[in-house]
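# Fold and geometry: a report
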Amino acid sequence: MEWQLNTNAPIYSQLIYNLKLAIVAGQYSPGDRMPSVRDMAMEAGVNPNTMQRALQELERDALVYSQRTAGRFVTEDEEVIEAAKNALAQARVAQFFSAMSGLGFQPAEILALIEVKVKEASDDAAI
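Structure report, in brief. (Residues numbered from 1 in each chain as written. Predicted model: local features only at pLDDT ≥ 70, side-chain atom pairs only at ≥ 80, totals over all residues. Heavy atoms only, no water.)

## Observations concerning the side chain of N18
Summarising the element assignment, N18 is placed in helix α1 (residues 11-24). The class of N18 is buried, set by a relative accessible area of 10%. The residues touching N18, leaving out its near neighbours within four places in the chain, are M1, W3, Q4 and L5. (Helix = DSSP H or I, 4+ residues; strand = E, 2+ residues; numbered from the N terminus. Buried < 20%, exposed > 50% of the residue type's maximum accessible area, 1.4 Å probe, protein only. Contact = heavy atoms within 4.5 Å.)

Quick look at the structure:
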């Protein structure tokens, strides 16, 4: 997994986001065993305690679960994964809408721009 961390937000929040994204995007499939905290922390270049805290948050969200001696696993509950996916999408849409509104676009203009992109994507897929 490639970690994209920056200084604009708390590392802990970015770890949660990146791990959720990896789960909903299928990089970690339902039921997969997650790498160890130490391995993921080393790969991300963060303190293991910070990674542990992020994983505990994912456990609270029911995206991962622990088995005492076997490690952490991705939930097998597809509804939980789908809900996380939708929440991430809604957050992205809200960010996009806010940015576009900040540029002076009205809702109808934003929708028209999106419709153009959807058509372009459909045309590209048909090729």
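## Concerning the pattern of salt bridges
Within the structure shown, the criterion is met by 5 salt bridges. The salt bridge involving R60 is made with E57; its shortest N-O contact spans 3.1 Å. Residue R60 and its partner E57 are both found in helix α3 (residues 48-60); the two are separated by 3 residues, about one turn of the helix. Assessed through its relative accessible area of 58%, R60 is described here as exposed. Here E59 and R72 are joined by a salt bridge, their closest N and O atoms 2.5 Å apart. Residue E59 is located in helix α3, and its partner R72 is located in strand β2 (residues 71-74); the two are separated by 13 residues in the primary sequence. Overall, E59 belongs to the partly exposed group, its relative accessible area being 27%. Judged by its relative accessible area of 12%, R72 falls in the buried class. (Salt bridge = Lys/Arg side-chain N within 4 Å of Asp/Glu carboxyl O.)

By themselves these figures say nothing about function.
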